Amino acid sequence: MFALMPSVTRLLLILVFACSAALVQAQEQKVRSSGRSVDNGLIRMERQLNTAADLGPERVDSAFKLVESVLVWSMNNGVTALESRCYGVLGRLFTQQDQCDLATGYFEKCIEMHPDASSSVVVDAELDAALCMVRMKRYLDARTSLEALKEHVEGTKLDDRVPVINALVARILAEIGEISRANVLLEQSAELARNAGNKEAEIASNVQRGGYLFRANKKSEGMGVLKQAWAATDSIVLPEKRYKSKLDIAETMKEVGEYKEAQNFREELQQELNGTDPYTSLSNQLELADVQRLADDKSSALSTFNKVLGELPANSDDPRFLDLRTLALKNLSQTHLEVGNVQAAQRYLNEYISAMELADREKKRKLEANLGLFSSLNADVQRIRLLEKDREINGKRIELLQVQDEARAAQLFSRNAIILTLVVALVLLGGLLIYRQRARHKEQLAARLIELRSLRAQMNPHFIFNALNAVNHYIAVHDERRSNQYLTDLSGLMRKVLTYSELEFIELEDEVELLQQYLRLEYDRFQEKFTYRFHVDDSLLNAGLRVPPMLVQPFIENAIWHGLRHREGMGELTVELKYVGGHIAFTITDDGIGRARSAEIKRGSTQGTRSKGISNARNRIALVNQLYRTQVTLEITDAKSDGTGTRVHFELPKTLNDVR
């Protein structure tokens, strides 16, 4: 047949085929290039997130900025696993800032969002969330979560987390007075770590057990366990992990009151640290001086404190070294005060105040230089800490005044001044506590408002995507007239949707008009599938009532797309708005295939996913209830006893209209 065509026609066909092949090849190349671009971006973002996670508490502002950019990228590119990791890192950053209530929320987001429930990211987030519960003294919740997690990871590739889980459970048992059970659990944990060749975890379990033995008045046994743990640290290959284990043992010795042994351990460790990381070495010397002071070796303590001051880097703006300087000056003042040298104590206290103000200014400067999505929250935390440090300074001044008052007992004026200063300090403390509570409430409210706006913003792309599917249908069946008409109607509806999604509440009449316009568009497409009835009580109209925008539309859409569209024959959809007992009641009823049958169809579909619109609507209802302390109720039931049809009913209190 091709041979019978005229030569000009054959030439045109050949050109058309060649152009088509070139276009297909160019499109494939574009897809491959786009895929490589996303892959390269994912690698870069994962590295950036790892960097944020590794930054220390002194650079938390920079860490927040890094996480922010990774979070935005993962949302824009739909990389759910990376977005989940971002929430986990945010939770750990807030934990570092002692904001465990905020941290717990981000850990829950990480666990809920990650596509693989058995992933190490999810397991570590559950561990971190349990640690926050322990810090907030929610022992029952933490223990329940940890026991479930332990059962989940035992016998899997993540069973190396079991010693960590046991350590947290043991801590809970010790806090509630069950020290013997805690020690049994730690012995089991040490044996598991030993069998797995995890020397660091074995030592950590024994150190914790040694401390608990002291608390149980088994001093000699506890001392033996801690000394064995100290000897075992030499088998840890990595220097940083070996130093950390030894520092934990020395700190435990100090906590249980064995100051001489703690001093010996610190001195031995210092010989290893000489010539290594300056910060770790100076921190250990500072702790050495403190245990010398506690062991009543004041002259050695003063000498070591002065040695630390002399070895600190001059003019360093590193917050870690600035903190070491302030701590050394504070302890020098305290030690001189204990030996009765009031003048020296006053001098070092003044230097401590100046050094602390310098450190706080430097931290504030770095915070303000790295403003980002979360930096304002962190700045509030830092300001609260500044107030706490001011209170500490006032306490030191009071202590000096007390010493001077004992030397001049006859001076009635000094005693009155001390009483007055104490009253002022108590008033300041009360004011600080009130301010801190209000600041935390504002932070939580701001976070919930951001989340509510995010959910409203997600409705736009979801709604537009479904609407464009309808336009695509008309184009596919070559119905140009209906395509143009549908696009005209849709553009008007989309303009309203985009406008209303920026508002917290809209007039009820505007919401009714939007729903009726949406129903007309859907009926225009599926008129062979259903009829509809839209009824509004006259008492609701022109009554000045307001409702959250686009809250009803996802349920109407769900009824049409997942109920009536799959029904055999003509169906019916009813939307009713009534005023019932001080509430605005919305009822959406359909006689479609029902929820059970719809779920089966979704599971059998290769593209079956959970309804994003319904999920967002539920989350918005929950957030509206939290933010405005109201009770918007939602009830979804089968319309008929045989499981067909669906009835959605929810009520908005009229008091919601008083919110401005």
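Before going further, it helps to spend a moment on helix H7 (residues 162-175). An α-helical turn contains 3.6 residues, so a residue and the one three or four places further along point in the same direction. With 14 residues, H7 extends 20 Å from end C-alpha to end C-alpha; this agrees with the ideal 20 Å at 1.5 Å per step. The buried fraction of H7 amounts to 10 of the 14 residues, a majority that puts the element mostly inside the structure. Of the residues making up H7, those classed as buried are Val162, Pro163, Ile165, Asn166, Leu168, Val169, Ala170, Ile172, Leu173 and Ala174. Backbone geometry just downstream of H7 places glycine 177 in the positive-phi region, at approximately 90 degrees.

Where helix H9 (residues 199-215) meets helix H10 (residues 219-232), the closest approach of the two axes is 8 Å, and the angle between their N-to-C directions is 160 degrees. As the angle between them shows, H9 and H10 are arranged roughly antiparallel. Of the two possible hands of crossing, H9 and H10 adopt the one that is left-handed. Along its contact with H9, which presents Lys199, Ile203, Asn206, Val207, Arg209, Gly210, Leu213 and Phe214, the element H10 presents Lys219, Glu221, Gly222, Met223, Val225, Leu226, Ala229 and Ala232. Tallied by class, the residues present in the contact of H9 with H10 amount to 9 nonpolar, 3 polar and 4 charged.

Where strand S2 (residues 530-536) and strand S4 (residues 571-580) come together, 7 bridges link them in parallel fashion. Bridge pairing in S4 places threonine 531 opposite glutamate 572. As paired strands, S4 and strand S5 (residues 583-590) are joined by 8 bridges and run antiparallel to one another. Each residue of the ladder has a partner; that of leucine 573, found in S5, is aspartate 590. Between the antiparallel neighbours S4 and S5 lie 2 residues, among them glycine 581 with a positive phi of about 55 degrees.

Across the sheet, which stays open at both edges, the 5 strands sit in the order S2-S4-S5-S7-S6 with mixed pairing between neighbours. The two strands at the open ends of the sheet, each matched to only one other strand, are S2 and strand S6 (633-638). Between one strand and the next, the sheet's axes are offset by a mean angle of 10 degrees, whatever the strand orientation. Contacting S2, S4 and S5, helix H20 (residues 508-526) crosses the sheet at an angle of about 170 degrees to S2.

For glutamine 343, the position within the fold is in helix H16 (residues 342-369). Each C-alpha atom, one on glutamine 343 and one on serine 333, is 9.5 Å from the other, the two residues being 10 residues apart in sequence.

Once that is clear, we can look at the side chain of arginine 266. Structurally, the position occupied by arginine 266 is in helix H12 (residues 259-273). Not counting residues up to four positions away in its chain, the partners in contact with arginine 266 are Leu247, Ala250, Glu251, Asn284, Glu287 and Leu288.

Time to look at unusual backbone geometry. Phi at lysine 137 takes a positive value of approximately 65 degrees, unusual for a residue other than glycine. Here lysine 137 shows up in the loop between helix H5 (120-135) and helix H6 (139-153). With phi around 60 degrees, methionine 550 is a residue other than glycine that occupies positive phi space. In this structure, methionine 550 sits in the loop between strand S3 (546-547) and helix H21 (553-564).

The next point concerns the packing of aromatic side chains. A full pass over the atoms with the stated rule returns 10 aromatic pairs. When the centroid spacing of 5.5 Å and the interplanar angle of 5 degrees are considered together, the rings of phenylalanine 94 and tyrosine 106 count as stacked. On the criterion of sequence distance, the pair formed by phenylalanine 94 in helix H3 (residues 80-96) and tyrosine 106 in helix H4 (residues 100-113) is long-range, its members being 12 residues apart. Tyrosine 106 shares its class with phenylalanine 94; the two are buried. Summarising the aromatic geometry, the rings of phenylalanine 586 and phenylalanine 650 are spaced 5.3 Å apart at their centres and angled 15 degrees between planes, so their arrangement reads as stacked. Of the two residues, phenylalanine 586 is situated in strand S5 and phenylalanine 650 in strand S7 (residues 646-653); the sequence distance between them amounts to 64 residues. You'll find phenylalanine 586 and phenylalanine 650 in the same group, each marked buried. Within the aromatic cluster, the residues linked to one another by ring pairs are Phe64, Tyr87, Phe94 and Tyr106. Over the ring of tyrosine 348 we find arginine 347, and its NZ or CZ is 4.5 Å from the ring centre.

Put simply, H10 and H12 touch, their axes get as near as 13 Å, and they point 0 degrees apart. Judged by the inter-axis angle, H10 sits roughly parallel to H12. Mapping the contact onto sequence places Met223, Lys227 and Trp230 in H10 and Glu261, Phe265, Glu268 and Leu269 in H12. Partitioning the contact of H10 with H12 into residue classes produces 4 nonpolar, no polar and 3 charged.

What follows is about helix H11 (residues 239-255). Here H11 spans 24 Å end to end across 17 residues, near enough to the 24 Å set by a 1.5 Å rise per residue. Of all the positions in H11, only Arg242, Tyr243, Ser245, Lys246, Ile249, Ala250, Thr252, Met253 and Lys254 are classed as buried. On its buried face, H11 sits against H9, H10, H12 and helix H13 (278-294). Just past H11, the residue glycine 257 takes up positive phi, approximately 90 degrees.

Core analysis: the biggest nonpolar cluster contains 45 residues, and Ile556, Leu573, Leu577 and Phe586 have the highest contact counts within it. At the level of secondary structure, the elements contributing two or more residues to this core comprise helix H19 (480-500), H20, S2, H21, S4, S5, helix H23 (612-628) and S7. Counting residues per element, this core draws most heavily on H20, which supplies 8 residues. Once residues within four sequence positions are removed from consideration, leucine 573 is found in contact with Leu519, Phe530, Thr531, Tyr532, Arg533, Ile556, Ala559, Ile560, Leu564, Ile588, Thr589 and Asp590. Listed in part, the 29 residues of the second largest apolar core include Met45, Ala63, Val79 and Cys86.

Buried residues dominate S7, accounting for 7 of its 8 residues. In this sheet, S7 lies alongside S5 in antiparallel orientation, the contact comprising 8 bridges. Residue pairing across strands places histidine 583 opposite proline 653, the latter belonging to S7. The pairing of S6 with S7 spans 6 bridges and is antiparallel. Paired with aspartate 638 across the bridge in S7 is threonine 646.

As a further point, take the state of the cysteines. In the structure shown here, the tally under the stated rule is 0 disulfides. Free cysteine cysteine 100: the closest other cysteine sulfur is in cysteine 132, separated by 3.6 Å. Using a relative accessible area of 7% as the deciding quantity, one classes cysteine 100 as buried. Cysteine 110 takes part in no disulfide bond, and the closest cysteine sulfur, belonging to cysteine 86, lies 9.4 Å away. Residue classification places cysteine 110 among the buried positions, given a relative accessible area of 1%.

A side chain with one charge may pair with a side chain of the opposite charge, provided their charged atoms come close. Applying the stated criterion across every chain, the model contains 29 salt bridges. Across the salt bridge formed by lysine 254 and glutamate 287, the nearest N and O atoms sit 3.2 Å from each other. With lysine 254 in helix H11 and glutamate 287 in helix H13, this residue pair connects regions lying 33 residues apart in the sequence. One salt bridge connects glutamate 338 with lysine 298, and the closest N-O pair in it is separated by 2.7 Å. One end of the pair, glutamate 338, is in helix H15 (residues 319-338); the other, lysine 298, is in helix H14 (residues 298-311), and 40 residues separate them in sequence. The partly exposed category is assigned to glutamate 338, whose relative accessible area is 35%. Taking the relative accessible area as the measure of exposure, lysine 298 reaches 19% and is therefore buried.

Scoring rules and cut-offs
- Every chain begins its residue count from 1, and numbering advances along the sequence as written.
- Local features in this predicted model are restricted to residues whose pLDDT is 70 or higher, and side-chain atom pairs enter the listing and the counts only when it is 80 or higher, whereas totals over whole chains, interfaces and linings include all residues.
- The side-chain values count all of the structure's non-hydrogen atoms but skip hydrogen atoms and water molecules.
- Each helix corresponds to a stretch of at least 4 residues labelled H or I by DSSP, and each strand to a stretch of at least 2 residues labelled E; elements are numbered beginning at the N terminus.
- The span one expects for a helix is its residue count, reduced by one, times 1.5 Å.
- We call a residue buried when its accessible area falls under 20% of the maximum for its residue type, exposed when it is over 50%, and partly exposed in between, using a 1.4 Å probe and counting protein chains only.
- In this description, a line fitted to the C-alpha atoms serves as the axis of each element, helices being fitted only across the stretch in contact, and the angle between N-to-C directions of two axes falls anywhere from 0 to 180 degrees.
- Every angle not falling under 35 degrees, over 145, or within 65 to 115 is termed oblique; those three ranges are roughly parallel, roughly antiparallel and roughly perpendicular.
- Crossing handedness is read from the near helix: turned anticlockwise from the far helix by less than a right angle, it gives a left-handed crossing, and turned clockwise, a right-handed one.
- Working rule for contacts: check all heavy atoms of both residues, and any pair within 4.5 Å makes them a contact.
- Just so you know the grouping, Ala, Val, Leu, Ile, Met, Phe, Trp, Tyr, Cys and Pro go in nonpolar, Asp, Glu, Lys and Arg go in charged, and all remaining residues, Gly too, go in polar.
- At least two bridges found by DSSP between two strands are what make those strands a pair.
- Ring pairs are drawn from Phe, Tyr and Trp, using the six-membered ring of Trp, whenever the two centres fall within 6.5 Å, and their geometry is named by plane angle: stacked under 30 degrees, edge-to-face over 60, tilted for the rest.
- When the NZ atom of lysine or the CZ atom of arginine is within 6 Å of a ring's centre and also within 35 degrees of its normal, the charge is said to sit over that ring.
- Buried residues of nine kinds, namely Ala, Val, Leu, Ile, Met, Phe, Trp, Tyr and Cys, make up a nonpolar core once their side-chain atoms join them within 4.5 Å.
- Sulfur atoms of two cysteines make up a disulfide when they are within 2.5 Å.
- The working definition used for a salt bridge is a side-chain nitrogen of Lys or Arg within 4 Å of a carboxyl oxygen of Asp or Glu.

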